[in-house]
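# Inside the fold
Read off the chains here:
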Amino acid sequence: METRSFRPYITVVALLALTSLALAFTVDTNISDEAGVRVYLPDQVGDWKGDELRFCQNPACQATVFLSEIKEKGVCPKCGGKLSTMAKAETDLLPSDTEVLKKQYTSPDGEIVFASIVMSGRERSSIHRPQVCLVGQGNEIVKSKVLDVPMNNRRPLDVMVLDMLRRWRAPDGRQGEYPSYYAYWFVGKGRETPYHTMRMVYMATDRILHNRSHRWAYISVSGVRDDEGIYRQKIASFVKQLYLEMAIE
Ligand SMILES: [Zn+2]
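Attention here is on the structure that accompanies the text.

Rules of the game
- Residues numbered from 1 in each chain as written.
- Predicted model: local features only at pLDDT ≥ 70, side-chain atom pairs only at ≥ 80, totals over all residues.
- Heavy atoms only, no water.
- Helix = DSSP H or I, 4+ residues; strand = E, 2+ residues; numbered from the N terminus.
- Buried < 20%, exposed > 50% of the residue type's maximum accessible area, 1.4 Å probe, protein only.
- Pairing = 2+ DSSP bridges.
- Donors = N, O, S within 2.8 Å, 3.2 Å for Na, K, Ca; no water.
- Tetrahedral: all angles 85-135°; square planar, octahedral: opposite > 155°, others 65-115°.
- Patch = residues over 30% accessible without salt bridge, like charges linked within 9 Å, V, L, I, M, F, W, Y side chains within 5 Å.
- Areas by Shrake-Rupley, 256 points an atom, 1.4 Å probe, with all protein chains shown as cover.
- Salt bridge = Lys/Arg side-chain N within 4 Å of Asp/Glu carboxyl O.
- Core = buried A, V, L, I, M, F, W, Y, C linked by side-chain atoms within 4.5 Å.
- Contact = heavy atoms within 4.5 Å.

Moving on: unusual backbone geometry. Despite not being glycine, Gln62 has its phi angle at roughly 50°, a positive value. Mapped onto the fold, Gln62 is located in the loop between β4 (48–56) and β5 (64–66). Relative accessible area serves as the criterion here: at 43%, Gln62 is assigned to the partly exposed category. For Asn211, which is not glycine, the phi dihedral falls at a positive 50°. Residue position: Asn211 is located in the loop between α4 (196–210) and β13 (212–213). Assessed through its relative accessible area of 29%, Asn211 is described here as partly exposed.

This is how it looks when you write it as structure tokens:
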């Protein structure tokens, strides 16, 4: 499994993006609803069993519940409030035609991984630079590095892996750290990239050269970070199986 740093060409990409965006917004575009992936997360990924998550929109509750726990469709079992596939903060922030799906996966030995897919709507502003939201939630990003996920019969899928750390302090003064990872990639029609900036470049060139604007999806997988190497292998294995299940035939 190879990893490599993305820093050397990020500046070039950023300059390209700025130039392209400046041009892009002066051109009329046919909005296309074509996507490169389904808004779908399988119930099973290898040995991992998935349960969909729903989020209470009642500001006083905001409970996270499993779909399997919900008795009345769309109703929060804790407060009777309205449920959504996205958290209250996301509903408030994202355009209303954004599609979101989240699942928690559990392995036979009890390990937990979260997966999510966000599909942009017509406004194309549904997907933000992931780092911004994560840091806003109190995490510190200690490392970001692309992971090559080996695939059968095609080139590897590049996935961005952020190593994160959340420091906490209990009321009695005890302190601790929670190490986690957040892995993601973007999918457009016939395109895949682990770089948010590259996605902007693709969107801009599609607008300028092909006069079209496809829907983009943002797929993420997150969990607890253990020893270096081991969790990266786990991500590669999980993402490979998830990718195969999600691909459009
Ligand atoms: Zn509720």
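It is worth spelling out the pairing of strand β8 (residues 112–119) at this point. Of all the eight residues making up β8, six are buried; the element is thus mostly covered by neighbouring parts of the structure. In this structure, strand β7 (residues 99–106) lies alongside β8, joined through eight bridges in antiparallel fashion. By the bridge assignment, Lys103 is partnered in β8 with Ala115. In this structure, β8 lies alongside strand β14 (residues 217–224), joined through seven bridges in antiparallel fashion. Within β14, the residue paired with Val113 across the bridge is Gly223.

Moving on, we come to the environment of Gly190. Secondary-structure assignment places Gly190 in the loop between β11 (175–188) and β12 (191–193). For Gly190 and Gly36, which are 154 residues apart along the polypeptide, the C-alpha to C-alpha distance reads 6.0 Å.

Those donors, Cys56 (SG), Cys61 (SG), Cys76 (SG) and Cys79 (SG), are the protein atoms that reach the zinc ion, and they lie 2.3 Å from it. Here the zinc ion is ringed by four donor atoms whose angles at the metal span 98 to 117°, and the overall shape comes out tetrahedral. Sequence positions of the donors to the zinc ion reduce to the motif C-x4-C-x14-C-x2-C. With a gap of 23 residues between them, Cys56 in strand β4 and Cys79 in the loop between β5 and β6 (83–84) connect regions that are remote in the sequence. Its relative accessible area of 1% is what places Cys56 among the buried residues.

We now examine a nonpolar patch on the surface. Side chains of Trp168, Tyr178 and Val224 sit close together on the surface and give an oily, nonpolar patch of about 290 Å² of accessible area. The residue Trp168 is located in strand β10 (residues 157–169) in this model.

So, on to the nonpolar core. Core analysis: the largest hydrophobic core is formed by 31 residues, its most contacted members being Trp185 and Leu242. Residue assignment for this core shows that the elements contributing at least two residues are β7, β8, β9 (140–149), β10, β11, β14 and α5 (230–246). Broken down by element, the residue count for this core peaks at eight residues, all from α5. The residues touching Trp185, leaving out its near neighbours within four places in the chain, are Leu157, Asp158, Val159, Thr193, Pro194, Ala217, Tyr218, Ile219, Val239, Leu242 and Tyr243. Residues Met86, Leu94, Trp216 and Tyr218 belong to the second largest nonpolar core, which totals 17 residues.

Glancing now at the pairing of β14. Counting buried positions along β14 yields seven of eight residues, so the element is predominantly enclosed. Inspection of the sheet shows β11 paired to β14 by eight bridges, in the antiparallel sense. Paired with Tyr182 across the strands is Ser222, a residue of β14.

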